[in-house]
Structures are given as C-alpha cells and as structure tokens.
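# Results of the structural survey
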Amino acid sequence: MRDARAQKKLVIGLLDAGNRPEWWLGFRQQMRELGYIEGKTVFFEERFASGKADLLAAYARELVQRDVALIVTAGTSAALEAKRASAKIPIVMATGADHVSLGLAVSLSRPGRNVTGNSTVGSELTAKRFALLREMFPKMTRLAVLWHSENIGSMPAVRDLEAVARSSKVTLQNLGIASAAELPQAFAAAAQERAEALFVVAGPLTFPERKRIAELAIKHRLPTMHGPGEYVEAGGLASYSPNYRDFFRRAAITADKILKGAKPGELPIEEPTKFDFTINLKTAKALGVTIPKAVLLRADRVIE
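The sections below set out a description of the structure shown in this document. (Residues numbered from 1 in each chain as written. Predicted model: local features only at pLDDT ≥ 70, side-chain atom pairs only at ≥ 80, totals over all residues. Heavy atoms only, no water.)

Turning to the nonpolar core, a few remarks are in order. Formed by 42 residues in total, the largest nonpolar core has its most connected members in Phe 27, Val 72, Leu 146 and Phe 187. Counting residues per element, this core draws most heavily on helix α10 (residues 244-259), at 7 residues. Here Val 72 is in contact with Ile 12, Gly 13, Leu 14, Leu 15, Trp 24, Phe 27, Val 92, Ala 94 and Ala 251, once residues within four sequence places are set aside. Judged by nonpolar contacts, the second largest core, of 31 residues, contains Leu 132, Val 170, Val 201 and Ala 299. (Core = buried A, V, L, I, M, F, W, Y, C linked by side-chain atoms within 4.5 Å. Buried < 20%, exposed > 50% of the residue type's maximum accessible area, 1.4 Å probe, protein only. Helix = DSSP H or I, 4+ residues; strand = E, 2+ residues; numbered from the N terminus. Contact = heavy atoms within 4.5 Å.)

Structure representation (structure tokens):
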C-alpha cells in the first residue's frame, strides 16, 4: 500500500462496523463497472470491526491518517466514527439510519456536511416488521427482541419496537447482548419468560451469527422476524427490508460522483423505494407453525 500511495494512486477506505464481504462485493463490482480497476487505478483499505465497537474509532483514525480520498461506511456507528475522525474527508454511507438525529446530516435532501450516501430507514421499517409478525401470529402477546447492546445504530430500532409493542399491548422482553457468547443465555431467558416470537435487530454482531441465531430459534421454538433477507437464507423465519447489496452498489455510484468533483454536503441521502418480504417455509415446518395464506401470498420470496 505504501507503493500505491507513492505513485499517487487513488486510495479509498472501507469501514464496516461488522464484517460483510458479501455486501462489499457489490460495491467493488460497481466500482469496476464505473472504470476503477482494483490494484491498478484504485486501492481499497479495509477496516472491518466484526461487531467489536471498541475497534471502530481506531480504525477510522487509521484511515484518516492514511489520507484516503474518501471513506465508505457500513453501519451507522461506522459513519459516526468516521465523522468524528474527520470533518473534511468525504464519507459515503452504504448503510445507516437516523442521520439527522445523530448529527451526520442537516437534512436528507441537503446533508450540508461531509457525509452522504444511503438511508436504510428506521421507524417505519420497525413498525412494518412488527405488523407482519402480528399478522403471522395474531395471538402473540409476548415478544423478545435480540440486539447488539453496544451498537448505537441498533438503539433506535429497539426504542421504536418498544413503542409499537406498547401500543399493541404486547409485552416486550429486552435481550441486549454485548457478544456472541451471550446468545445461548439470551435464548434461555426468552424461553424462561415464555416469549412467543423473536425480533432480531440487524447489526454488525448479529449478521455473522445469523445461522447460529436461526438454529437456536428453532431449538427454542421461536419464530423470528429479521431485516436483511440473508438472515432468512440462513434459516430465520421471515424478513422485510430493502436490498442491502443494492445499497453498496449505489454507494459506489455516489463515491464516483464525489471523486469527480461533487460535494457530499450537496448530494441527497437516498432512501430505498423497494422492499422485499421473505418467508422460509422450511423453517416454519421445523418450528411447527403455519403461516396464514393471506400473508404467504404477499411474500416476494418464499424459501421451500
């Protein structure tokens, strides 16, 4: 990498609160389609924290010290740390939410700072996922929520879920975990409190553990609702979300605009327009639950 910098080659920092190479592949492919050849005309400095929040700040500072042309981030906490590390280097969010309330942008239409990119939407999606779960299990009165307690990007989703659960008179059990080692204990607690379903908040800790979460949910007979469809592909019951791989492709397009002279503060933060509802019938069978036909007919994808 020192050789690349000495030759004045373009260096872009990739900062991920988790470790999601399958999503970054879309970014790399789109950059290639835009004419950037990795290893020749562009070099990527990867810093993936794998859910370890304490690493993010150090990683962000490392990228700033390397004087990268811009930083592309995955996860709200990654964007926050990049912004704290530099108010000058352009930051493109592949994923993130609550940009205005967290001070990353003045507004979505005109961010006004050095941060732009994509919004994965917040409150509306949480409410929609909860509503779908209620449609699948209308008699549900006790719901557990599994989330990474050290990830600031997960906190708004938990608050939103608390609000919709309260208004629906559903008792919500908080299962915040700090590490993957706490997963068995969290599921045991859900079983002890007789939770009837589990709402999994997507994040840098839960994503790489999605298969294990699915296995534990089946073991404890807990139907699950997720964000990204990858959780359902790994064995979760249902998910509702925009296409995350597409977010990373769009981040490359935004990065290209900035590299060609556009100012991040003047590029609107983009919101998704299409959402996919996925159901895993293999998992439903393993759980011994029946998905109402009316709900199945609305699914964009059914895994059998």
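Below, the discussion takes up the pairing of strand β6 (residues 142-148). When you tally the buried positions in β6, you get 6 out of 7 residues, the bulk of the element. In the sheet, β6 pairs with strand β7 (residues 171-177) via 7 bridges, with the strands oriented parallel. Each bridged residue has a counterpart across the sheet, and for Leu 146 the counterpart in β7 is Leu 175. Crossover β6 to β7 through helix α6 (residues 155-167) is right-handed. Sheet topology note: the β6/strand β8 (residues 197-200) ladder contains 4 bridges and is parallel. (Pairing = 2+ DSSP bridges. Right-handed = clockwise from strand over helix to strand, strands pointing away.)

As a further point, take the environment of Phe 275. Looking at where Phe 275 falls in the secondary structure, it is placed in the loop between α10 and β11 (276-280). On the accessibility criterion, Phe 275 (23% relative accessible area) is partly exposed. Linking Phe 275 and Arg 110, residues 165 residues apart in sequence, is a C-alpha distance of 24 Å.

Within the secondary structure layout, Arg 210 lies in helix α8 (residues 210-219). For Arg 210, a relative accessible area of 18% translates into the label buried. Among the polar contacts made by the side chain of Arg 210, one reaches the main-chain carbonyl oxygen of Phe 207 at a distance of 2.7 Å. The residues touching Arg 210, leaving out its near neighbours within four places in the chain, are Glu 22, Glu 230, Tyr 231 and Ala 234. (Polar contact = N/O pair within 3.5 Å; in protein donor to acceptor, adjacent residues only side chain to side chain.)

Purely geometric stuff here, so don't read any function into it on its own.
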